[in-house]
Amino acid sequence: MPEGHTIHRFARDQAKLIAQQKLHITSPQGRFADEAKLIDRRKLNRIEAAGKHLFYHFSGGRILHVHLGLFGKFRVHENPPPPPRGAVRVRMTGKEKTIDLNGPNTCEVIDRAEYQDILDRLGPDPLRKDADPDRAWKRIHASKQPIGLLLMDQSIIAGIGNIYRSEILHLLRIHPRTPGNEITKPQFNKLWKLAKELLTLGVKHNRIITIDLKTLKKSIEKTPRRKLFRVFKKPNCPSCGGEIERFKMASRKVFACPACQSSS
DNA sequence: TTGATTGTTACCGG
DNA sequence: TCCGGTAACAATCA
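Quick caveat: nothing in here was measured; it's all calculated off a predicted structure.

Calculation rules
Residues numbered from 1 in each chain as written. Chains lettered and ligands numbered in written order. Predicted model: local features only at pLDDT ≥ 70, side-chain atom pairs only at ≥ 80, totals over all residues. Domains from an automatic or database assignment. Contact = placed C-beta atoms within 7 Å. Helix = DSSP H or I, 4+ residues; strand = E, 2+ residues; numbered from the N terminus. Pairing = 2+ DSSP bridges. Core = buried A, V, L, I, M, F, W, Y, C linked by C-beta atoms within 7 Å. Buried ≥ 20, exposed ≤ 12 C-beta atoms within 10 Å, placed from the backbone. Axes fitted to C-alpha atoms, helices over the stretch in contact; angles between N-to-C directions.

Here's the deal with the domain arrangement of chain A
- Parsing chain A into structural domains produces domain 1 (6-120) and domain 2 (133-256).
- A straight line from the C-alpha centre of domain 1 to that of domain 2 covers 29 Å.
- At the junction of the two partners, domain 1 supplies 6 residues and domain 2 supplies 5 residues.
- Here the element with the most residues in the side of domain 1 that touches domain 2 is helix 1 (residues 6-17); it accounts for 3 residues.

Overview of the pairing of strand 3 (residues 53-58)
- Sheet topology places strand 2 (residues 44-50) next to strand 3; 6 bridges connect them, and they run antiparallel. Within strand 3, the residue paired with R46 across the bridge is H57.
- Connecting strand 2 to the next strand, strand 3, in antiparallel fashion are 2 residues, including G51 with a positive phi near 55°.
- As defined by bridge partners, strand 3 adjoins strand 4 (residues 63-67) across 5 bridges and the pair is classed as antiparallel. Directly across from Y56, in strand 4, lies its bridge partner L64.
- Hairpin remark: strand 3 followed by strand 4, antiparallel, with 4 residues in the connecting loop; positive phi at G60, about 90°.

Quick word on the environment of G180
- The topology assignment puts G180 in the loop between helix 5 (162-171) and helix 6 (185-205).
- Considering only alpha carbons, one finds G180 and G148, 32 residues apart in sequence, at a separation of 8.9 Å.
- Each residue touching G180, except ones within four places of it in the same chain, is listed here: I140, H141, S143, K144, Q145, I147 and L150.

Focus on the nonpolar core
- Counting 63 residues, the largest nonpolar core has I39, L54, I157, A195, V231 and A256 as its most contacted members.
- Counting contributing residues per domain, this core is built from domain 1 (6-120) and domain 2 (133-256), each supplying no fewer than three.
- Beyond its immediate sequence surroundings of up to four residues, V231 is in contact with S166, E167, H170, C237, I244, F255, A256 and C257.

Considering the sheet that holds strand 2
- Sheet architecture is open: 4 strands sit in the order 2-3-4-8, paired in antiparallel fashion. The two strands at the open ends of the sheet, each matched to only one other strand, are strand 2 and strand 8 (106-110). Looking at each pair of strands side by side, their axes are set apart by 15° on average, direction ignored.
- Contacting strand 2 and strand 3, helix 1 runs over the sheet at an angle of about 165° to strand 2.

Focus on the pairing of strand 10 (residues 252-256)
- Relative to strand 10, strand 9 (residues 245-249) runs antiparallel, the two sharing 5 bridges. Bridge pairing in strand 10 places M249 opposite R252.
- Here strand 9 hands over to strand 10 after 2 residues, with A250 in that stretch at a positive phi of 60°.

Side note on the environment of K95
- Mapped onto the elements, K95 comes out in the loop between strand 6 (88-93) and strand 7 (97-102).
- With 11 C-beta atoms packed within 10 Å, K95 lands in the exposed category.
- Spatially, the C-alpha atom of K95 lies 24 Å from that of P28, the residues being 67 residues apart in sequence.

Focus on unusual backbone geometry
- With an omega of -5°, the peptide bond running from N79 to P80 counts as cis.
- Phi at R173 is positive, roughly 60°, even though this residue is not glycine.
- Following the sequence through the fold, R173 ends up in the loop between helix 5 and helix 6.
- You will see that K233, though not glycine, has its phi angle at about 65°, which is positive.

As for the sheet that holds strand 7
- Within the open sheet, the 4 strands sit side by side as 1-6-7-5. Their pairing is antiparallel. Looking at strand neighbours, the two that pair on one side only are strand 1 (22-25) and strand 5 (73-78), the edges of this open sheet. Taking each pair of neighbouring strands and ignoring which way they run, the sheet shows an average axis angle of 15°.
- One ladder, built from 5 bridges, connects strand 6 with strand 7; its direction is antiparallel. Bridge pairing in strand 7 places V88 opposite N102.

Right under this line is the structure:
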């Protein structure tokens, strides 16, 4: 199951794995679906991540756009690869490894204009150097919507998902129901900095980590996933021990400590 | 077999 | 217009 930050790992790692790629795109969407089979003869110039989106830029201006959604998964095999498991949408074969993609929300071949449309509707991504946090601040400051909802809106900040939302707000002691226009500039600055740090850490270790690593006894790899969180799916608050409340916001469960995270 | 899920979009009613 | 709620879609695992 994908986490928002993992897409940035793929952008970084896959380029090496499929340097001399051969792509087999089995059921693409988009206006250039018919043309998709030609992509394996084109040069892959670069792989780019923006928010939770992945773009494979090919010579000739065609771009393969992938969004993993909830279920999308990349599997990496040694060559020669096993037969495709399930509905493999893209198989990318490099010199030594083969990467299969299953279950993506989006797998389409698009052109530069469509690519630009997607970038334009994404907010700043804390993992990108070109991110402008001020764009996010303006949207949040102007909104009466709860911050728990705003953090899930990819047009405000791109890349934060359901786990990071609960975790970041708990670390900042901000209740998810706090309206955006009640968030102060210093609070927003901390939020942006924290999002950047946590997402970067997530990319580094390929896990979502929001606890203090100094308190960890075992290695990160050997620690069960849920022990790397603070409040997500937890019964009790790591700070005060009180009961964690859970409720739906943006159709997803959010977790918060009513004592530590004051409402405004 | 059922339910839950680290996501997004479209649509509808108030 | 804005907001919240709901459904649809993808695939896997416990």
